[in-house]
Amino acid sequence: MIDYELFKRDIPKESIELIFINVKIRENLRSLWELYKSGNLEYNDKFEEIFNEMFKIFLRPLKLFSLETIKIPKTYGFLNAYFDFLRSYFEYLQSLFELIFKVITSLSDNPFKDWELYLENFQDVFILPKSAVQNLFRGLEGYERFVSKYDEFSRVLKESYLKACRRFIQNVKANDFDEFVNLFVQEISKEFDRVLKSENYVSLQKEMVESLMDYAYHIRRYFEDLIEYNPLNPFATISMIDEAYRRIQDLKRRVDRLERIVYGRFPKED
Amino acid sequence: MVDFLKKIEVKPWASDYEVVHEDWLFKLLHFKSRQKYRIPILIVYAFINRPYILDLHSDVSVIKRFLDSGLDVWMIDWGYPKRADKFLKISDYIDYIDFCVNFIRDERCVESITLHGYCLGATLSCIYASIHPEKVKNLVLQAPPLNFDTDNTLAIWAKSIDAKKISRTLGNVYGDLLNIAFLLVDPARLILEKYQSLLKNSNNEKFVKDFMYMDYWIFDSPSIPGYVYEEYIKRWYHRNEILRGEYDVEDIRVDLNKIEMPVLILIAERDHITPPEAAIPFYDLIPSKDKLILSVDKGHIGLTVSRHAHKTLWHKAISWILERSK
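Residues numbered from 1 in each chain as written. Chains lettered and ligands numbered in written order. Predicted model: local features only at pLDDT ≥ 70, side-chain atom pairs only at ≥ 80, totals over all residues.

Asker: Pulling in residues and values, what's your account of the overall build of chain B?
Answerer: Each helix and strand counted, chain B has 14 helices and 10 strands in total. Here the C-alpha radius of gyration of chain B, 19 Å, is about what a compact globule of 326 residues would show, namely 20 Å. Seen along its three principal axes, the alpha-carbon backbone of chain B occupies a region of about 55 × 50 × 40 Å. Across the 326 residues in chain B, those meeting the buried criterion constitute 52%. Restricting to contacts in chain B with at least 6 residues of sequence separation, those with at least 24 account for 78%. (Helix = DSSP H or I, 4+ residues; strand = E, 2+ residues; numbered from the N terminus. Rg over C-alpha atoms; globule rule 2.2 N^0.38 Å. Buried ≥ 20, exposed ≤ 12 C-beta atoms within 10 Å, placed from the backbone. Contact = placed C-beta atoms within 7 Å.)

Printed below as a string of C-alpha cells:
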C-alpha cells in the first residue's frame, strides 16, 4: 500500500517507486539467500519476481503512449450551455478513443481489416481528408511494428537476465547476505553492460522506439485531421499552436538580432 | 524508513543569489560574495538537469568554494522548457551566453571573463569560446562532451536515435523519459545496487539525507526543447561535427584552433555519461599553450558532489582559476 503522504514531500516520485521496487527485490533476495545457505539455490519464481520488479520501470515510457492515459474526465463541475457543448464534443472523442483502444488491444491477425471495418461503420471515408486516412494507417503500421519489436525486446532482456542468473547460481560464494546481494548485482551488471551495447540490442531498441514514435505521431495527426477538418470545431490543435510558437520564436530572434546590430554586438564573421 | 523519508526536506541552492536578468526561459544569476579577484567567472550548466548540482548543499558546494576563495560568481539557469520553447535552437543558447558575457563585462568593466562549462554546458562554452575568444580569458571545462564518438552505452544509443521522429511526436523530450533512459543505461547499478545500498543504510540518517539530495537533483530533469534535441543528437552525436571542425552557429564556423586561451579540463575517470575519451582528443587538438587536465576516480556526478573530489581535485582547480583571475 503506497503512503501518498510521501508525494506531498520533497522526495521524487521516481525515488519512491525505486525504493518500493527494491524493498520487494530485497525480500526476494532474502529468500534466495536462505535457499543458498541450505544448498538449494536454483532458478525459481523469486528470480522471476526480481526480473519483473527491476524491469517494470522500462515499461513506463510505453504506458505514456497508451490511449488509456488520455481518457478524458467525465466531471465538468458547473455545467452550462457551453460546457454541454464541450461535453458532447469530448464524449465524441472519448468514444472514439475507447473504440480505437478496443481495436488496438484486440488486434486480429489482420488489423487493417478491423480498421477498414471501423471506417465503413463509423466514418464516411470520403468525408475525411485523405491525410486522416493516411495518418491512421501509418499509425497502425507503426503500432504493428512496435508490438513485434517490443516482444523481441522483452525476450532479449529476459534471456540476458536468465543467463546472468544461471552464472550467479553456478558461481556464487558468499559469506553473508550483503556479499550475496553484491555478487548478484555484479553478475547482472556484467551481462547487461555487454547486452545493452550489442548491435542486436541497439538496432532492436532503435526500431522499437521509432515505431512507437511513428504510431503516436500519426495517430495524433489523425485526430488532428478530424478536428481541423470539422468546420464546427472550436479548438486549436497542437500542430496549429506549434506553428504559432515557431513564428513567435522566429520573430523574437529577429528582434534580438536587430538589438545586437543596434548595440554593435553582433558576432564577427570570419 | 517511510516515516524518516517524510521528514526529509531537500533545500538545494546552499548559497544566496539574485536573478539579475531574465529572458523568457533563461536567467542570469549572480551569487553574493566578497569579491577579491578582478576576473568574474560565469558558470554555464547543461540544458539537461539543473545547475544547483554545483550548490547542492554546503558540504559539497563548488559554488561555496568559489565564493569563499573570493571569486565573483555568475551562473546561467536554462530553466524548464515548455511546449512554447520547442523551437529554441542551440544558437539561441549561444546568443544568451554572449548576452550574459557582455552584461558581466559591462558590470565589472573587464574585457574578458572566466567561462566554466559543465557537461553539455561545457560543449556550449567551448563553442562560445571559439566564436568569441577575445571575451574568454580562461576556459574551464568540467566533464565536457566534445568528442561524441565514444563507446559508452549512452553514446552508442544516441548515435542510433532518430531524433526528428522523437521530437515531432513529443514536442520537447520530457524529463521523465530522459530519467528512464538514463536508468536504462546501467540498470543493475542504478536500479538495483544504488537502492539496495540505501535500504542497507536506512538507519544512517546522514546517508539517507545525502542520498535524497542527490536523487532530488537526478530526477529534477527539465525537458529538452525539440529542435535543440534534434541538433544535439544529429550534429554532435551522429556527425561529431565539433571535433571535426564542421559545426557552425548560424553560419559562423566553430574553429577549435581559436581556443588559445588557458584551458582547464576536469574529468571523472569512471564517468559513464562523458567518459575521459570525450575530452582528451579535444585537449590534444587545441593550440592553447596553457592547458591542464585534472581527473578524479569518480563518476559524472561524483566529480562535483563527492567529498573525495572536494578533497583532492577542487582545491587544485580553484588555485588554477585564481592564478588566472587577477
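Asker: Now, about the overall build of chain A: what can you tell me, with residues and values included?
Answerer: Tallying secondary structure elements over chain A gives nine helices and zero strands in all. Going residue by residue from the N terminus, the α and β elements of chain A occur as α-α-α-α-α-α-α-α-α. Sorting the 270 residues of chain A into buried and exposed places 20% on the buried side. Here the analysis covers contacts within chain A between residues at least 6 apart in sequence; of these, 67% occur between residues at least 24 apart.

Asker: Give a detailed account of the pairing of strand E1 (residues 17-23) of chain B, specifying residues and quantitative values.
Answerer: Residue and element names in this part refer to chain B. Relative to strand E2 (residues 26-31), E1 runs antiparallel, the two sharing six bridges. Across the sheet, the residue bridging to Val19 is Leu29, located in E2. In sequence, E1 turns back onto E2 through a hairpin of two residues, with Trp24 there showing a positive phi of about 60 degrees. (Pairing = 2+ DSSP bridges.)

Asker: Tell me what's going on with the interface of chain A and chain B, and back it up with residues and numbers.
Answerer: Taken residue by residue, the interface counts 45 residues in chain A and 47 residues in chain B. If you list the elements that add at least two residues to the side of chain A that touches chain B, you get helix H1 (13-37), helix H3 (60-64), helix H7 (177-195), helix H8 (199-229) and helix H9 (238-263) of chain A. Among the residues making up the side of chain A that touches chain B, the classes are represented as 22 nonpolar, five polar and 18 charged. (Nonpolar A, V, L, I, M, F, W, Y, C, P; charged D, E, K, R; others polar.)

Asker: Tell me what's going on with the nonpolar core, and back it up with residues and numbers.
Answerer: The biggest cluster of nonpolar side chains holds 125 residues, and the ones touching the most others in it are Leu42, Ile43, Val73, Trp74, Ile76 and Ile97 of chain B. Examining the composition of this core, we find that 10 residues originate from one element, H8 of chain A, more than from any other. Beyond its immediate stretch of four places on either side in the chain, Leu42 of chain B contacts Trp74, Cys100, Val101, Ile104, Ile113, Leu115 and His116 of chain B. Listed in part, the 28 residues of the second largest apolar core include Leu32, Phe184 and Tyr201 of chain A together with Leu198 of chain B. (Core = buried A, V, L, I, M, F, W, Y, C linked by C-beta atoms within 7 Å.)

Asker: Which residues make up the environment of Lys165 of chain B, and what are the values?
Answerer: Considering the arrangement of structural elements, one finds Lys165 of chain B in helix H6 (residues 163-170). Between the alpha carbons of Lys165 of chain B and Glu230 of chain B there is a distance of 9.1 Å; along the sequence they are 65 residues apart. Here Lys165 of chain B is in contact with Glu210, Met213 and Asp214 of chain A, once residues within four sequence places are set aside.

Asker: Now, about unusual backbone geometry: what can you tell me, with residues and values included?
Answerer: All names here are of chain B. A positive phi is found at Asn49, a non-glycine position, where the angle reads about 65 degrees. Mapped onto the secondary structure, Asn49 falls in the loop between strand E3 (41-44) and helix H2 (62-68). Under the C-beta neighbour-count criterion, Asn49 is labelled buried, with 23 such atoms within 10 Å. At Asp251, a residue that is not glycine, the phi angle is positive and equals roughly 70 degrees. Along the chain, the position of Asp251 falls in the loop between strand E7 (248-249) and strand E8 (252-253). With 9 C-beta atoms counted inside 10 Å, the residue Asp251 sits in the exposed group.

Asker: Residue-level account of the sheet that holds E2 of chain B, with values.
Answerer: Residue and element names in this part refer to chain B. Pairing is mixed across the open sheet formed by eight strands, whose spatial order is E1-E2-E4-E3-E5-E6-E9-E10. Lying at the two open borders of the sheet, with one neighbouring strand each, are E1 and strand E10 (291-296). This sheet shows a mean twist of 20 degrees between the axes of neighbouring strands, independent of strand direction. Inspection of the sheet shows E2 paired to strand E4 (residues 73-77) by four bridges, in the antiparallel sense. Counted as the bridge partner of Leu28 is Ile76 from E4. The strands touched by helix H3 (residues 90-108) are E1, E2, E3, E4 and strand E5 (113-118); relative to E4, the strand with the most contacts, the crossing angle is about 155 degrees. Against the sheet, helix H14 (residues 307-323) engages E3, E5, strand E6 (136-142), strand E9 (263-268) and E10, with an angle of about 165 degrees to E10. (Axes fitted to C-alpha atoms, helices over the stretch in contact; angles between N-to-C directions.)

Asker: Describe the packing of H1 of chain A against helix H8 (residues 187-200) of chain B, naming the residues involved and giving the relevant values.
Answerer: Interhelical geometry of H1 of chain A versus H8 of chain B gives an angle of 85 degrees and a closest axis separation of 9 Å. By the criterion of interaxial angle, the relationship of H1 of chain A to H8 of chain B is roughly perpendicular. For the pair formed by H1 of chain A and H8 of chain B, the contact residues are Leu18, Ile19, Asn22, Val23, Ile25 and Arg26 of chain A on the first element and Ile191, Leu192, Tyr195, Gln196, Leu198 and Leu199 of chain B on the second. Partitioned by chemical class, the residues of the contact of H1 of chain A with H8 of chain B number nine nonpolar, two polar and one charged. (Parallel < 35°, antiparallel > 145°, perpendicular 65-115°, else oblique.)

Asker: Explain the packing of helix H6 (residues 130-171) of chain A against H8 of chain A to me, using residue names and the numbers behind them.
Answerer: Residue and element names in this part refer to chain A. In the contact formed by H6 and H8, the axes pass within 7 Å of each other and the chain directions differ by 155 degrees. Looking at the two axes, H6 sits roughly antiparallel to H8. Relative to H8, H6 is oriented so that their crossing is left-handed. (Left-handed = near helix turned anticlockwise from the far one by under 90°.)

Asker: Explain helix H9 (residues 205-218) of chain B residue by residue, including any values.
Answerer: Its 14 residues place the ends of H9 of chain B 20 Å apart at the C-alpha level, agreeing with the 20 Å of an ideal helix rising 1.5 Å per residue. Residues of H9 of chain B that are buried: Met212, Tyr213, Met214, Asp215, Tyr216, Trp217 and Ile218 of chain B. The inward-facing, buried residues of H9 of chain B contact H1 of chain A together with helix H13 (302-305) of chain B. (Expected span 1.5 Å × (residues − 1).)

Asker: Could you give me a rundown of the environment of Val195 of chain A, with the residues and numbers involved?
Answerer: All names here are of chain A. You can see Val195 is positioned in helix H7. Considered as a pair, Val195 and Ser160 are 35 residues apart in the sequence and their alpha carbons are 7.2 Å apart. Those residues in contact with Val195, other than ones at most four positions away along the chain, are Val156, Ser160 and Tyr201.

Such coordinate-based values are descriptive only and should not be taken to indicate function.
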